[in-house]
Amino acid sequence: MKTSYKGIELIKQFEGCRLKAYRCPAGVLTIGYGHTKNVKEGMTITAQQAVEYLKDDLEQIEKQLDGLNLDLNQNQFDALVSFIYNCGFGAFSKSTLLKRIKAGASETLIRAAFGMWTKAAGKTLPGLARRRKAEADLYFS
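All values derive from a computational prediction rather than experimental measurement.

Analysis parameters
- Residues numbered from 1 in each chain as written.
- Predicted model: local features only at pLDDT ≥ 70, side-chain atom pairs only at ≥ 80, totals over all residues.
- Heavy atoms only, no water.
- Buried < 20%, exposed > 50% of the residue type's maximum accessible area, 1.4 Å probe, protein only.
- Helix = DSSP H or I, 4+ residues; strand = E, 2+ residues; numbered from the N terminus.
- Arc of directions from axis to C-beta.
- Contact = heavy atoms within 4.5 Å.
- Disulfide = S-S within 2.5 Å.
- Axes fitted to C-alpha atoms, helices over the stretch in contact; angles between N-to-C directions.
- Parallel < 35°, antiparallel > 145°, perpendicular 65-115°, else oblique.
- Left-handed = near helix turned anticlockwise from the far one by under 90°.
- Polar contact = N/O pair within 3.5 Å; in protein donor to acceptor, adjacent residues only side chain to side chain.
- Salt bridge = Lys/Arg side-chain N within 4 Å of Asp/Glu carboxyl O.
- Core = buried A, V, L, I, M, F, W, Y, C linked by side-chain atoms within 4.5 Å.

Peer 1: Help me understand helix α1 (residues 5-15) in this model?
Peer 2: Among all positions in α1, only Gly7, Leu10, Ile11 and Glu15 are buried. Looking straight down α1, one finds its buried side chains confined to an arc of 115°; they lie on one side. Of the exposed residues in α1, the ones pointing more than 90 degrees away from its buried face are Tyr5 and Gln13. Buried residues along α1 sit against β1 (18-23), α2 (47-66), α3 (74-87) and α7 (126-139). Two residues or fewer after α1 comes Gly16, characterised by a positive phi angle close to 70°.

Peer 1: Quick question: what am I supposed to make of the state of the cysteines here?
Peer 2: Put plainly, a disulfide is one covalent bond tying together the sulfur atoms of two cysteines. Evaluated as defined, the whole model comprises zero disulfides. Cysteine Cys17 remains unbridged, with the sulfur of Cys24 as its closest cysteine sulfur at 15 Å.

Peer 1: Would you mind showing me how to read the packing of α2 against α3 here?
Peer 2: Packed helices, taken two at a time, are described by their axes: the angle between them and the distance between them. As a packed pair, α2 and α3 sit with axes 10 Å apart at the nearest point and diverge in direction by 115°. On the basis of their axis angle, the class for α2 and α3 is roughly perpendicular. Considering only the axes of α2 and α3, their crossing is right-handed. The segment α2 lies against α3, with Leu54, Asp57, Leu58, Ile61, Glu62, Leu65 and Asp66 engaging Phe77, Leu80, Val81, Ile84 and Tyr85.

Peer 1: What should I look at first to understand the side chain of His35 in this one?
Peer 2: If you trace the backbone, His35 turns up in the loop between β2 (29-32) and α2. Within the structure, His35 has its side chain in polar contact with the backbone oxygen of Lys37 (distance 2.9 Å). A distance of 2.8 Å separates polar atoms of two side chains, one belonging to His35 and the other to Asp57.

Peer 1: When you look at the pattern of salt bridges in this model, what are you seeing that I'm missing?
Peer 2: Oppositely charged side chains may form a pair once their charged atoms are brought near each other. Across all of its chains, the model carries eleven salt bridges by this definition. Note that Glu59 and Lys63 form a salt bridge whose closest N and O atoms lie 4.0 Å from each other. Here Lys63 and Glu59 lie together in helix α2, a separation of four residues that amounts to about one turn. Asp137 is the salt-bridge partner of Arg111, the closest N and O atoms lying 2.7 Å from each other. Of this pair, Arg111 sits in helix α6 (residues 107-114) while Asp137 sits in helix α7, and the two are 26 residues apart along the sequence. For Asp137, a relative accessible area of 30% corresponds to the partly exposed category.

Peer 1: Even after reading the chapter, I still don't get the side chain of Glu135, so can you show me in this structure?
Peer 2: Examined against the element boundaries, Glu135 turns out to sit in helix α7. Overall, Glu135 belongs to the buried group, its relative accessible area being 0%. Side-chain polar atoms of Glu135 contact the side chain of Ser82, separated by 2.7 Å. Sequence-distant contacts of Glu135, that is, excluding residues within four places in its chain, are made with Leu10, Ala79, Ser82, Phe83 and Phe114.

Peer 1: What is the right way to read the nonpolar core from this model?
Peer 2: Side chains of nonpolar character tend, in soluble globular proteins, to be buried together. Counting 33 residues, the largest nonpolar core has Leu65, Leu80, Phe92, Leu97, Phe114 and Tyr139 as the members making the most contacts within it. Of all the secondary structure elements, the ones that give two or more residues to this core are α1, β2, α2, α3, α5 (96-102), α6 and α7. Among the elements that take part in this core, α3 stands out by supplying seven residues, more than any other. Apart from the residues lying within four places of it in its own chain, the contact partners of Tyr139 are Leu72, Asn75, Gln76, Ala79, Leu80, Ile101, Ile110 and Phe114.

Put into structure tokens, the structure is as follows:
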């Protein structure tokens with residue numbers, strides 16, 4: 001599957017776009033729409049490069065998510081791509097969220113599992129709480 005326009009817009013909304021490298025709340029060097037690979041201190045990019053980085057990052061996540069052979073509709077796929085984009089595939093692959101999805105858990109339990117991922121550097125962040133709610137809302141829409 002491929003991330004839809006709705007999924008990409010969700011990611012863009014929560015990531016924002018910064019054309020100069022910065023440290024995210026977790027302390028990771030980041031640029032564009034949350035891109036972290038090979039980012040260097042002081043690095044700058046164009047708006048077009050930010051879009052290209054996002055496309056490349058999404059392509060990798062889409063392949064990883066497809067590899068799990070989950071039976072997902074487009075909204076569920078988009079919500080999980082957004083989650084993985086933010087938290088990483090390694091974290092997702094070991095998460096309660098994935099376990100509950102595979103087990104066919106109730107909406108309440110899956111929503112709660114999204115909600116377990118609202119901290120960065122040990123602190124609960126309101127932006128992450130909003131993002132997890134938006135992802136869960138998309139997953140169940």
